[in-house]
Amino acid sequence: MLLTITTTRNPATDLGYLLHKHPAKVQTFPLTAGDVHVFYPEATAEKCTAALLLDLDPVRLTRKSGPGGNDFALEAYVNDRPYVASSFMSAAISQAYSSAMNGRCKDKPELVDVAFPLEVSLSVLPVNGGEPLLRSLFEPLGYEVDVQAFPLDTQYPEWGQSRYYQVTLKNTLPLWMLLSQLYVLIPVCDNDKHYFVGSHEIEKLMEKGRGWLEDHPANELIVRRYMKHLGPLTREALGLIMKDEATPEEVEEIPEPAEKIRLHDLRLQTVRDLLLEQQVSSVADLGCGEGKLLRLLTEKSVFTRILGMDVSYRSLEIAGEKLKLDRMTDRQRKRLELIQGSLLYKDKRLSGFDAATLVEVIEHLDPPRLAAMEKVVFEYARPSLVIITTVNAEYNIKYESLTAGTFRHSDHRFEWTRPEFEAWATEVAGRFGYTVTFRPLGEWDDAVGAPSQLALFTIDTA
Ligand code: SAH
């Protein structure tokens, strides 16, 4: 997977200053699933080419995404990901060229906003939607687009064209803008499941799209594909990016994925309502992420002690910002506390709460570590009430965009059907002296149930 950027603006080696990469060196940067190499096949005053080679390791890639299962069990091992430019290319660009993409140039800052004649070559780019889509994405931004399609198999021409293209793009524009556009549009072409998921994607998209995405005629498609698998976020992003064009009602109708209500909000509200119903006053939200449930809880004064714990420092930082911790009074801060910790280790700070919640957390743990979590929650922390929610794998067939055998989220280590979840929870409840009941979460479907499932454990008092 190769991305080259060439300029002919004399002295063309200025490209090296802009990219913060010396033309005489080969440099390597690590990614979670491979390495990125940057080197210059050509560097003269007349013409300079920087090449970015993305070398993904299929084995590391598989470990990251989990082996999948079901219909095509080998999908995680046999796929095109290591060989094509996809969302990993965006990660590579932001890893290797971050200063350039953010418009910084240490030695020649005056060059940052200069429009350079630039030629980009990408091989190979998977394009769902083929040449017309590719043109509709790049031509409105002023690119001259040259496309070479590859047949699926040269021996069998009747099989037609593959979705892989060798693409050349030419335009005259500042380098930071070119990189931002590639960062957003490469995964949009691919439209496969992205490895990146998280609400900060909206911020990234807004930042990278500044100055060109607002007025792009295909901006709705771009946002929708970029935010793929982040249904609710897509709506939020569309609302933010296409300020005046899309009314909230129109945005609400976006069919991908087919979620009429924001599933995650529904989950969180259900959890809060259950906690209210059960009349608990102190709650530990374990794996609190960016603090969405915590926020709902702080709105109700019956909750007098609220703890958010997560293993991810970054998530806690975001939670702190969203909950405006820095603007709280001492009293408010006594009520709400955020701590970094892991569900896999016994932790005194988790004792003494009426209730513990794990909302969409267990599927992020490796199955062999579940036993450690069970002890931490049900034996050591031992609140009278535990609420655990997880996705319902049976519902996945309703997500058209989800390929069989893949998970809803790239960080999921497993996804359980209703019988699997119920069997696990019932065994755990029995072992630790709890009684468990189940309920569906989200819109009900007779065949496959609801998109998510919830288990409510109450401690046996007798
Ligand atoms: N409960 C939140 C976040 C769910 S995402 C919500 O509903 O919005 C799963 C969260 O579990 C992530 O924030 C992740 O950092 C956290 N997590 C994963 N492994 C963990 C562990 N071992 N201990 C604590 N948190 C963990």
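Residues numbered from 1 in each chain as written. Predicted model: local features only at pLDDT ≥ 70, side-chain atom pairs only at ≥ 80, totals over all residues. Heavy atoms only, no water.

Per an unreviewed UniProt entry, the protein carries the name Small RNA 2'-O-methyltransferase and comes from Chitinophaga eiseniae. Turning to the protein, the UniProt record has this under Sequence similarities (unreviewed entry): "Belongs to the methyltransferase superfamily. HEN1 family." Per its UniProt entry, the protein bears the Cofactor (unreviewed entry) comment "Mg(2+)". (UniProt positions renumbered as here; feature names shortened; annotations may be inferred.)

Before going further, it helps to spend a moment on the packing of helix H5 (residues 130–138) against helix H6 (residues 175–190). At their nearest, the axes of H5 and H6 sit 11 Å apart, and the two run at 160° to each other. Judged on the interaxial angle alone, H6 and H5 are roughly antiparallel. For the pair H5 and H6, the crossing hand works out as right-handed. Contacts from Leu133, Leu134, Leu137 and Phe138 in H5 reach Leu182, Leu185, Val188 and Cys189 in H6. (Axes fitted to C-alpha atoms, helices over the stretch in contact; angles between N-to-C directions. Helix = DSSP H or I, 4+ residues; strand = E, 2+ residues; numbered from the N terminus. Parallel < 35°, antiparallel > 145°, perpendicular 65-115°, else oblique. Left-handed = near helix turned anticlockwise from the far one by under 90°. Contact = heavy atoms within 4.5 Å.)

In this section: the packing of aromatic side chains. Considering all chains together, one arrives at nine aromatic pairs under this definition. When the ring of Phe378 is compared with that of Tyr434, the centres are 5.1 Å apart and the planes differ by 85°; the resulting orientation is edge-to-face. Of this pair, Phe378 sits in helix H15 (residues 370–381) while Tyr434 sits in strand E13 (residues 434–441), and the two are 56 residues apart along the sequence. A relative accessible area of 0% places Phe378 in the buried class. Taken together, the ring pairs in this structure connect Phe414, Trp416, Phe421, Trp424 and Phe438 into an aromatic cluster. Residue placement shows Arg9 over the ring face of Phe116; its charged tip is 4.8 Å from the ring centre. Positioned above the aromatic ring of Tyr380 is the side chain of Lys346, whose terminal nitrogen or guanidinium carbon lies 4.5 Å from the ring centre. (Phe/Tyr/Trp six-rings, centres within 6.5 Å; stacked < 30°, edge-to-face > 60°. Buried < 20%, exposed > 50% of the residue type's maximum accessible area, 1.4 Å probe, protein only. Lys NZ or Arg CZ within 6 Å of the ring centre and 35° of its normal.)

Attention now moves to unusual backbone geometry. Looking along the chain, the bond that leaves Asn10 and enters Pro11 is cis, with omega of -5°. Mapped onto the elements of the fold, Pro11 is located in the loop between strand E1 (2–7) and helix H1 (14–19). With omega at -10°, the peptide bond leading from Ser123 into Val124 counts as cis. In this structure, Val124 sits in strand E5 (residues 116–126). Of note in the backbone geometry, Glu360 takes a positive phi value of approximately 55° without being a glycine. Within the secondary structure, Glu360 is located in the loop between strand E11 (355–359) and H15. One non-glycine residue, Arg382, lies in the positive phi region at around 45°. By secondary structure assignment, the location of Arg382 is in the loop between H15 and strand E12 (385–391).

Near the ligand you find 16 residues, and of these His264, Gly287, Asp310, Leu343 and Val359 are the closest. At 2.7 Å, a backbone N or O of Gly287 approaches a nitrogen atom of the ligand. At 2.9 Å, a backbone N or O of Val359 approaches a nitrogen atom of the ligand. Compared with its free state, where it exposes 570 Å², the ligand has 84% of that area covered by protein. (Near = heavy atom within 4 Å. Polar contact = N/O pair within 3.5 Å; in protein donor to acceptor, adjacent residues only side chain to side chain. Areas by Shrake-Rupley, 256 points an atom, 1.4 Å probe, with all protein chains shown as cover.)

With that settled, consider the packing of H15 against helix H16 (residues 418–432). For the pair H15 and H16, the least separation of the axes is 11 Å and the interaxial angle reads 50°. One finds that H15 runs oblique with respect to H16. Both H15 and H16 take part in a crossing whose hand is right-handed. The segment H15 lies against H16, with Leu370, Met373, Glu374, Lys375, Phe378 and Glu379 engaging Trp424, Val428, Arg431 and Phe432. A breakdown of the residues in the contact of H15 with H16 according to their chemical character gives six nonpolar, no polar and four charged. (Nonpolar A, V, L, I, M, F, W, Y, C, P; charged D, E, K, R; others polar.)

With that settled, the discussion passes to the nonpolar core. Ranked by internal contacts, the top residues of the largest apolar core, which has 67 residues, are Tyr97, Phe138 and Leu175. For this core, the element with the most residues is H6, which contributes 11 residues. When residues of this core are sorted by domain, at least three fall in each of domain 1 (2–196) and domain 2 (197–260). Here Leu175 is in contact with Ile5, Leu15, Leu18, Leu19, Ala100, Val114 and Leu118, once residues within four sequence places are set aside. Met309, Ile339, Met373 and Val376 belong to the second-largest nonpolar core, a separate cluster that totals 34 residues. (Core = buried A, V, L, I, M, F, W, Y, C linked by side-chain atoms within 4.5 Å. Domains from an automatic or database assignment.)

Given 3.6 residues per turn, any residue in an α-helix points the same way as the ones three and four places further on. Given a rise of 1.5 Å per residue, 16 residues ought to cover 22 Å, and the 23 Å separating the end C-alpha atoms of H6 matches this to within 8%. Of all 16 residues that make up H6, 15 are buried, and the element is covered over most of its length. A positive backbone phi angle near 55° is found at Asn191, which sits one or two residues after H6. (Expected span 1.5 Å × (residues − 1).)

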